[in-house]
Amino acid sequence: MNAEYSSFRAACLLTAAAVLGRAHAEAPPAGKADLMTVKKRIYASRLPAADDTRTATQAAGHAKSISPDGTWKDVDYRSRQPSSWPAARHLGRLRVMAGALRQPGGEMAGNAGLKAATLRGLDHWLKKDYRNPNWWWNEIGVPMQLGQVLVLVDRDLTPAQRAAGVRIMKRSRIGKTGQNLVWLAGNQVVWGCLAGDAKAVESAFKRMAAEIKVAGGDREGVKPDWSFWQHGRCLYSGGYGKGFSCDGAYFAMLAAGTRFAFAPEKIGVLSSYILDGQQWTVRGRALDYGTIGREISRPGAGRTGTLIQACRYMLKLKPPREKEFADLLDRLENGPEKARAPLVGNRHFWRSDFMTHHRKGWYASARMFSSRVDNTDTPCNQEGLLSHHIADGANFVMRRGDEYAGIFPVWDWRLVPGVTAEHPKGRLSGNPRSRGKQAFVGGVSDGEYGLAAMQLARGGLSAHKAWFFFDREYACLGAGITCKSKAPVLTSVNQCLLKGGVLSSAGKLAAGEHRPAAPGWVHHDGIGYVFGKGSRPVLRTGEQAGSWHRLRKASPKTPVKLDVFGLRLEHGAGPKGASYVYTVAPGVTAAEMPAYAKGTGVEVLSNTSALQAVRHAKLGIIGAVFAKPGTVRAGDGLSLGVEEPCLLLVRTRPQLRVTASNPLNRPLKLKVTVSLPGGAPRTFTLDLPGGEKAGSSTTLPARNRR
């Protein structure tokens with residue numbers, strides 16, 4: 001996906017609620033009439049809003065600065081930069097100018113000088129037909145932008161101009177998979193409308209609709225757990241998958257009520273992907289940064305504008321889950337604090353080794369990778385250069401959604417929040433993409449609570465990591481941390497933007513580096529961190545410097561300086577069997593911290609390489625990571641035993657509820673023995689699934705044997 005994609009879709013908002021007309025109620029008209037319906041809808045969707053004054057101002061400036069030969073002096077037409085291609089700015093300016101020319105009631109609408117300048121710039125591009133070494137520009141990016149211009153100025157085109165434009169757009173030959181296919185097919189819809197080719201439009205809509213499906217196996221696209229893969233086994237729900245949902249909804253809306261309309265089951269897949277997948281990766285205006293692949297290296301990474309548009313398009317289709325879309329749009333537009341229907345629950349994406357947890361006041365996630373899934377994308381186009389550790393147990397925690405906005409040029413990329421990593425001398429280098437070495441990675445969720453766990457193996461480092469998610473807090477455990485090298489090993493608790501003061505159990509902390517005592521606590525920006533005995537926390541606050549260029553070669557080397565809150569744990573050089581325990585409490589105030597730290601409600605029952613287990617007595621929940629068969633015991637006679645490695649989540653009230661998964665992602669007949677205080681042991685058998693649901697959670701009732 002190219003860096004300019006977000007700006008493409010910013011021009012796609014509909015300006016009239018009646019754009020669908022009476023299409024839902026009327027019988028499909030003849031082919032040519034359907035073609036004109038789609039073309040009119042495309043045209044309407046490209047118009048600037050009536051109250052948009054910025055477009056007219058920008059268009060006037062572009063018209064004034066364009067040269068007699070149809071070029072701009074500040075555009076580098078010779079550059080072969082594969083990512084942020086300077087020559088594409090030419091088409092971007094033409095889009096703005098064409099939009100202002102047609103803007104209803106706009107200041108520049110119908111302006112003769114603007115029209116002449118727009119056509120002059122268009123002629124130049126059609127004559128020169130600039131191309132880029134990156135296939136994406138030639139087959140997707142240029143046809144996409146050019147098509148938007150041609151649709152808006154269609155009435156003013158000569159037959160030769162229209163033919164030349166369509167000829168360039170026809171480079172979008174339908175192929176590829178996932179979002180790339182949707183882009184290519186979408187371009188064919190546009191050139192088919194311009195050329196009056198109903199068969200081409202029908203073929204493109206059919207091929208696009210065929211891609212809106214659940215992709216099993218290693219195929220790219222929407223996965224059975226409603227995550228999204230692109231570029232192989234790479235989680236991309238917030239990158240390519242964001243474009244997929246928006247474009248899928250947009251073209252479904254264009255086709256509604258015509259012979260090209262998508263079948264109801266396709267609308268159902270889109271609905272489930274957005275509502276059961278994407279919305280679980282969002283807090284405020286931020287997408288989880290573990291889901292956006294190499295886009296994390298682009299300024300503005302993780303914004304939700306495209307998802308907002310997808311919701312608006314879906315609402316125009318009046319889908320069966322209309323209220324859920326309205327609630328999601330409300331949260332996206334107004335923020336989680338003002339939302340009328342907060343999203344609350346836990347979701348594990350078993351095909352992508354990713355868990356998210358939502359409460360009214362906060363969000364947290366655990367991003368992992370295994371022998372089944374890659375950690376991130378290859379740094380094609382020389383971007384995403386430092387993302388080596390983005391799936392080594394990345395743990396983002398957000399209350400508002402702006403906690404990490406724009407921080408990435410100054411990040412220490414070995415201290416991605418949540419990860420445990422070696423810290424040798426020198427910079428990160430080489431291809432950041434890799435496949436995990438361990439199969440024991442996964443999560444168990446009953447929809448309300450959950451735990452995630454991974455066996456991490458990278459280079460000479462190995463560790464067992466686990467996260468246990470509750471209502472007010474979540475517990476983070478690490479065990480068996482061992483490293484063959486002599487490099488220092490650290491676990492990053494958080495690395496976010498510094499906001500306000502920092503307090504600890506020792507008092508208010510000034511800028512600089514501190515080593516709080518453990519057990520003890522730290523509080524920053526409405527989030528408390530409580531450390532267990534034996535942990536060695538290090539706090540650093542203050543300015544960090546960097547540049548976007550070090551993440552993405554197309555970005556400038558302009559220095560970026562930001563104030564950063566960094567909290568980490570030290571395990572020493574070459575540790576053997578080191579461990580950590582800490583609890584993160586979002587929403588706990590600074591005044592509440594001293595009392596809260598004395599009794600978080602979280603009791604660690606075991607933290608070894610064989611068994612990591614936590615009990616929350618108030619909630620009546622035990623979560624356990626059994627790397628080997630075994631038994632976990634609480635002090636009051638409560639115990640859980642299993643005969644196979646697994647992940648287990650047991651709720652003892654209001655009634656006994658057992659949920660389990662197999663992190664090896666294989667079918668398993670699991671026997672669980674539960675002993676409650678004062679009662680006889682009970683043995684339950686859970687049939688954990690294989691196939692496309694391997695690794696997903698199963699909750700009793702199953703077979704119950706006394």
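It should be emphasised that the depicted structure is a prediction, and the values quoted were computed from it without experimental measurement.

Scoring rules and cut-offs
- Residues numbered from 1 in each chain as written.
- Predicted model: local features only at pLDDT ≥ 70, side-chain atom pairs only at ≥ 80, totals over all residues.
- Heavy atoms only, no water.
- Salt bridge = Lys/Arg side-chain N within 4 Å of Asp/Glu carboxyl O.
- Buried < 20%, exposed > 50% of the residue type's maximum accessible area, 1.4 Å probe, protein only.
- Helix = DSSP H or I, 4+ residues; strand = E, 2+ residues; numbered from the N terminus.
- Pairing = 2+ DSSP bridges.
- pLDDT = per-residue confidence, 0-100.
- Contact = heavy atoms within 4.5 Å.

## Considering the pattern of salt bridges
- Under the defined criterion, the tally for this structure stands at 43 salt bridges.
- A salt bridge links Lys318 to Glu322, with the nearest nitrogen and oxygen atoms 3.4 Å apart.
- Under the relative-accessibility criterion, Lys318 is labelled exposed at 56%.
- Salt-bridge contacts for Asp446 lead to Arg651; the nearest nitrogen and oxygen are separated by 3.0 Å. Here Asp446 is found in the loop between β10 (441–445) and β11 (450–458), whereas its partner Arg651 is found in strand β28 (residues 646–651), with 205 residues between them in sequence.

## Topic: the pairing of strand β18 (residues 520–524)
- Among the five residues of β18, five are classified as buried, and the element is accordingly described as predominantly covered.
- Burial of β18 is two-sided: the residues Gly520, Val522 and His524 facing one way and the residues Trp521 and His523 facing the other way are all buried.
- One ladder, built from three bridges, connects strand β15 (residues 502–504) with β18; its direction is antiparallel. Within β18, the residue paired with Leu503 across the bridge is His523.
- Here five bridges tie β18 to strand β19 (residues 527–531), and the two strands are oriented antiparallel to one another. Each residue of the ladder has a partner; that of His523, found in β19, is Gly528.
- In this antiparallel pair of consecutive strands, β18 and β19, the connection spans two residues, and Asp525 shows a positive phi of 50°.

## Digging into the confidence of the model for the protein chain
- Residues of the protein chain with pLDDT of at least 70 account for 95%, and the chain-wide mean is 93.
- Scored below 50 in pLDDT, residues 1–30 shows 83 contacts in the model against residues more than four places distant or in partner chains.
- Low confidence marks residues 702–706, where pLDDT is under 50. Its contacts with residues over four positions away, or in another chain, come to 14 contacts.

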